[in-house]
Amino acid sequence: MSKSKCVVCGRLFPEGQGMVLRSGEVILSFHSSKCASKFLKILLEKLPPDEAKPYLTKIADELNEVLRAKARAKAKKI
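Bear in mind the structure is a predicted one, so any value in this text is a computation, not a measurement.

S.K.: Now, about the overall build of the protein chain: what can you tell me, with residues and values included?
M.R.: Within the protein chain, the secondary structure is distributed over two helices and four strands. Its C-alpha atoms give the protein chain a radius of gyration of 17 Å, clearly above 12 Å, the size a compact globule of 78 residues would have. Looking at the 78 residues of the protein chain, the share that counts as buried comes to 10%. Put simply, 18% of the contacts in the protein chain that link residues at least 6 apart link residues at least 24 apart.

S.K.: Pulling in residues and values, what's your account of the environment of Ser23?
M.R.: Residue position: Ser23 is located in strand S3 (residues 19-23). Residue Ser23 is classed as exposed on the basis of its relative accessible area, which comes to 56%. The spatial distance from the C-alpha of Ser23 to the C-alpha of Lys53 is 20 Å, given a sequence separation of 30 residues.

What counts as what
- Residues numbered from 1 in each chain as written.
- Predicted model: local features only at pLDDT ≥ 70, side-chain atom pairs only at ≥ 80, totals over all residues.
- Heavy atoms only, no water.
- Helix = DSSP H or I, 4+ residues; strand = E, 2+ residues; numbered from the N terminus.
- Rg over C-alpha atoms; globule rule 2.2 N^0.38 Å.
- Buried < 20%, exposed > 50% of the residue type's maximum accessible area, 1.4 Å probe, protein only.
- Contact = heavy atoms within 4.5 Å.

Have a look at this one:
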C-alpha cells in the first residue's frame, strides 16, 4: 500500500485516507480536513482579492443553488 505525505504537516498517511486533490500536474495531499482548511486559509490570504473574487462568488452561488434545490425538495407539497 502506498503512502501520501501531507503538504501542510508532513504526516504520512495510507492511500484511501485523507484527501488528495489533483489540478493538472499539481497534486496536493492532506491527511486531515484540519490541514486542508489550513492550506485553503493560507491560499486565500495569498491570492489577490480581485483575481479570487469571481471564482469565489461563482462557487458560492452554485453551492447556494444546490442548497435551495434541496430545501425545495424537502418542502411539504400540499
